[in-house]
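Chains, contacts and geometry: an overview
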Protein chains: 2
Amino acid sequence: MKELVTQILNGREKIEDVYFVACGGSLVDLYPGYYFVRTESKTMHADWITSKEFVVTPPTHLGKTSLVFICSHGGNTKETVEAAHLAKDLGAAVVAMTHTPGSACDDSSLNPIVYSWEDDTNEKDKPQGIVLNILNELMKAQEPDYKLYDAVADGLEKADGIVRAAVKSVKNRTWLFAEKYAKEPFLYIMGSGAAYASAYGFAICSLQEMQWMDCCYLNSAEYFHGPFEVTDEDHLYILLKSRGRNRVMDERAEVFLNKYAKKYEVIDANDLGLDAIDDSCVEYFNAMVFYAMSVAYRNALQDKRCHPTDMRRYMGVVEY
Amino acid sequence: MKELVTQILNGREKIEDVYFVACGGSLVDLYPGYYFVRTESKTMHADWITSKEFVVTPPTHLGKTSLVFICSHGGNTKETVEAAHLAKDLGAAVVAMTHTPGSACDDSSLNPIVYSWEDDTNEKDKPQGIVLNILNELMKAQEPDYKLYDAVADGLEKADGIVRAAVKSVKNRTWLFAEKYAKEPFLYIMGSGAAYASAYGFAICSLQEMQWMDCCYLNSAEYFHGPFEVTDEDHLYILLKSRGRNRVMDERAEVFLNKYAKKYEVIDANDLGLDAIDDSCVEYFNAMVFYAMSVAYRNALQDKRCHPTDMRRYMGVVEY
């Protein structure tokens, strides 16, 4: 990653803008990186944009001093490939992550990183880890007073063990959740801070796409400004309770649910081993664990609902 | 507004960052301004952040060369007031919009703008219009080659007439919508570009808060990357079809709905008078019309569902 960062900075005095560009689940994976730059970098700005929007209304600052993270699991998502080339043509440094060797994203002009996605793949070698790793090196190279380097590097080493232990520890409770709620017509999923997109991904990928279950994602902080009016004893909620500065927002939502709801599942980073990561940067690691939780819960739902998570009626099946 | 911009620039060489900070419906109103800066400004960066997140993890660039738009209808939303003072204390120029004279946001140190919110209030005097007006003047003052000034100014003059005519024109179809779908258990609302937050606001304010109806908002561009798998003849959709560069994303969703769904309502900016606004900037005006549409539809639902839009069980009723 150090070499890649050297390459990114080659011919550039510095990176001033970092764009995180993808679609759906791949976009979700880029959110913690976006939040990290926004909250930690003194030299760079960040934005998180779905590929097609990036293409039709490109940000004005996109250019030679930009770094654009691109991600496409299959590697050929049309609008993502288009976004990558738009960025490259405007002189930006591109890092294109894909799981698929030989795909359009695996193009030598896009600094491709073909990641593995097996059961034993280490978290630091998956997109979230790769992005955080690159940003950590870039911050070290570019910002002399950057203080989180060791803590983030340490977190990246620990993440895989934490995620594996977390998955093991929730197995039974995901079954109980599915047992109780498999027939629920609808649910809300909340999260906040750098883990807001974990709620988004849980909703659009794990449930809407893979279970055809209706649900809605919410920022825990926004819950009190409208959405909480639907809350009652019949509504189901999943709350992704982070560790870090944003935890206060999730806690406030939990206190409210505890008082006015009856059916809610709190997935608490504090119970899932995240206390092993330094407080100074733990908030950027919640999303890795929450992603694994969304997989664990959807797998339990798959079994109870007899709905294979890989079944699709449109994606890869029809033209659109 | 010119005077306000002079005041904002007083003691600052230029504005480099514009933050749009509020909660719920007020945050929704700030989105087109955020998108405008991101897509049009060569000197400024922008971000759109819910108040509490802004407070607990403030963006690193927040400081003397920042402009922070704050909005709170009631004027005392705790985290929004906190955000305003945090920004002010760090040296940023703040513009605090509120409907409530004498509220915490109506504070002379925050450049307060107390807006009117009556049936006959002109669109340019409501938060969306105020923000666009200020940004237009700021761009003119700060960017010599800014080209949209006259077109945006013209749009601001025309907006009120367009919105009023649009509301009148949809009256009957909102009744028909309510007649057909009042008992629907759930729906999806889609929009894109600078009007993405119109789908968000339609969902969290007009339906979740004011009708206690379950629904989910989606970016039309993201629909194809997961959410579309739930689509079938039983699911209900509302599509906010913009005029502007982002229209292609909404059109793609419409083509899909036309093929695979049966129950969907397309609210098309092309049918609502937006063609009177210059193509170069029309995409920043869609949201004004879509907001009025969300009001029109919720009013029709209110009557059919016998659920007063002003009824609350928590907001302003209990402590939280």
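For chain A, the name recorded in an unreviewed UniProt entry is SIS domain-containing protein, with Coprococcus comes as its organism.

As a further point, take the overall build of chain A. Check the secondary structure of chain A and you find 9 helices and 9 strands. For a compact globule of 320 residues, the expected C-alpha radius of gyration is about 20 Å, and chain A comes in at 19 Å, within 12% of that figure. Relative to its full complement of 320 residues, chain A shows a buried share of 64%. In chain A, 74% of the contacts between residues at least 6 apart in sequence involve partners at least 24 apart. In the form shown here, chain A has an accessible surface area of approximately 11600 Å², with 49% of it arising from carbon and sulfur atoms. Taking the average location of the 33 positive side-chain charges in chain A and that of its 47 negative ones, the two points are 3 Å from each other.

In any sheet, the strands associate via hydrogen bonds between backbone groups, in a parallel or an antiparallel arrangement. Residue and element names in this part refer to chain A. Strand order in the open sheet formed by 4 strands is β7-β6-β8-β9, with parallel pairing between adjacent strands. The open sheet terminates on both sides in strands that have one partner only, identified here as β7 (215–219) and β9 (263–268). Here the strands of the sheet are splayed against their neighbours by 20° on average, with no regard to which way each runs. Pairing of strand β8 (residues 236–241) with β9, which is carried by 6 bridges, proceeds in the parallel orientation. Of the residues in β9, the one forming a bridge with leucine 236 is lysine 263. Of the strands in this sheet, β6 (187–191), β8 and β9 touch helix α8 (residues 247–260), which is tilted by about 150° from β8.

Moving on to the relation of the copies chain A and chain B. Take chain A, turn it by 180°, move it 0.0 Å along the axis, and it overlays chain B with an RMSD of 0.0 Å. This pairing of chains is accounted for by a two-fold axis. Using C-alpha coordinates, one finds that chain A approaches the rotation axis most closely at Cys216(A), a distance of 2.4 Å. Both copies share a contact surface, since 100% of the interface residues of chain A are interface residues in chain B too.

Attention now moves to the nonpolar core. Phe20(A), Phe69(A), Tyr217(A), Phe20(B), Phe69(B) and Tyr217(B) are the most contacted members of the largest nonpolar core, which has 205 residues in total. Here Tyr217(B) is in contact with Tyr196(A), Cys216(A), Tyr217(A), Leu218(A), Ile189(B), Tyr196(B), Ala199(B), Tyr200(B), Ala203(B) and Ile204(B), once residues within four sequence places are set aside.

Here Gln142(B) is to be found in helix α5 (residues 127–142). Looking at Gln142(B), its side chain comes within polar contact range of the side chain of Thr43(B), at 3.0 Å.

This paragraph deals with the packing of helix α7 (residues 196–211) of chain B against helix α9 (residues 286–305) of chain B. All names here are of chain B. Relative to each other, α7 and α9 sit at 25°, their axes nearing to 10 Å. Here α7 is positioned roughly parallel relative to α9, judged by the angle of their axes. As for how α7 packs across α9, the hand of that crossing is right-handed. Contact with α7, carried on its side by Ser198, Phe202, Ser206, Leu207, Met210 and Gln211, involves Ala287, Phe290, Ser294, Val295, Tyr297, Arg298, Leu301, Gln302 and Arg305 of α9 and no other residues of that element. The residue makeup of the contact of α7 with α9, split by class, is 8 nonpolar, 5 polar and 2 charged.

At the junction of the two partners, chain A supplies 74 residues and chain B supplies 74 residues. Sorting the residues of chain A by area buried against chain B places Arg38(A), Glu229(A) and Tyr314(A) first, and these three jointly supply 13% of that buried surface. At the junction of chain A with chain B, the criterion picks out 6 salt bridges. There are 46 residue pairs in polar contact (both at pLDDT 80 or more) connecting chain A and chain B. The set of elements that each furnish at least two residues to the side of chain A that touches chain B consists of β1 (17–22), α2 (24–40), β2 (45–50), α3 (51–56), α7 (196–211), β7 and α8 of chain A. Ranked by residues supplied to the side of chain A that touches chain B, first place goes to α2(A) with 9 residues. When its residues are assigned to classes, the side of chain A that touches chain B shows 36 nonpolar, 20 polar and 18 charged.

Let us now look at the UniProt feature "domain: SIS" (unreviewed entry) in chain A. Here the UniProt-annotated "domain: SIS" (unreviewed entry) positions come out as residues 4–144 of chain A. Here residues 4–144 of chain A is 40% helix and 20% strand, with 19 Å between the C-alpha atoms at its ends.

Attention shifts here to helix α1 (residues 2–9) of chain A. Residue and element names in this part refer to chain A. Within α1, the full set of buried residues consists of Leu4, Val5, Ile8 and Leu9. Buried residues of α1, viewed axially, fall in a sector of 135°; they line one side. Exposed residues on α1 whose side chains face more than 90 degrees from its buried face are Glu3 and Thr6. For α1, the secondary structure elements touched by its buried residues are β3 (66–72), β4 (93–98), β5 (112–114) and α5 (127–142). Just downstream of α1 lies glycine 11, where phi reads positive at about 85°.

Judged by how many residues are buried, β9(A) sits mostly within the fold: 5 of 6 residues are covered. Considered for its hand, the β-α-β crossover made up of β8(A), α8(A) and β9(A) is right-handed.

For the rest of this paragraph, the subject is the pattern of salt bridges. As enumerated under the stated definition, the model contains 38 salt bridges over all chains in all. A salt bridge links Glu79(A) to Arg252(B); the shortest N-O distance between them is 3.4 Å. Of this pair, Glu79(A) sits in helix α4 (residues 78–89) while Arg252(B) sits in helix α8 (residues 247–260), each in a different chain. The exposure class of Arg252(B) is partly exposed, given its relative accessible area of 29%. Ionic pairing is found between Lys158(B) and Asp154(B), a salt bridge with its closest N-O pair at 2.8 Å. With a gap of 4 residues between them, Lys158(B) and Asp154(B) both fall in helix α6 (residues 149–181), about one helical turn apart. We classify Lys158(B) as partly exposed; its relative accessible area is 33%. What emerges from the salt-bridge pattern is a single network uniting Lys241(A), Arg247(A), Glu251(A), Glu254(A) and Asp268(A).

Each value, and the rule that gives it
- Residues numbered from 1 in each chain as written.
- Chains lettered and ligands numbered in written order.
- Predicted model: local features only at pLDDT ≥ 70, side-chain atom pairs only at ≥ 80, totals over all residues.
- Heavy atoms only, no water.
- Helix = DSSP H or I, 4+ residues; strand = E, 2+ residues; numbered from the N terminus.
- Rg over C-alpha atoms; globule rule 2.2 N^0.38 Å.
- Buried < 20%, exposed > 50% of the residue type's maximum accessible area, 1.4 Å probe, protein only.
- Contact = heavy atoms within 4.5 Å.
- Areas by Shrake-Rupley, 256 points an atom, 1.4 Å probe, with all protein chains shown as cover.
- Lys, Arg positive; Asp, Glu negative; His and termini not counted.
- Charge placed at Lys NZ, Arg CZ, Asp CG, Glu CD.
- Pairing = 2+ DSSP bridges.
- Axes fitted to C-alpha atoms, helices over the stretch in contact; angles between N-to-C directions.
- Least-squares fit on C-alpha atoms with pLDDT ≥ 70 in both.
- Core = buried A, V, L, I, M, F, W, Y, C linked by side-chain atoms within 4.5 Å.
- Polar contact = N/O pair within 3.5 Å; in protein donor to acceptor, adjacent residues only side chain to side chain.
- Parallel < 35°, antiparallel > 145°, perpendicular 65-115°, else oblique.
- Left-handed = near helix turned anticlockwise from the far one by under 90°.
- Nonpolar A, V, L, I, M, F, W, Y, C, P; charged D, E, K, R; others polar.
- Buried area = accessible area lost by both parts, 1.4 Å probe.
- Salt bridge = Lys/Arg side-chain N within 4 Å of Asp/Glu carboxyl O.
- UniProt positions renumbered as here; feature names shortened; annotations may be inferred.
- Arc of directions from axis to C-beta.
- Right-handed = clockwise from strand over helix to strand, strands pointing away.

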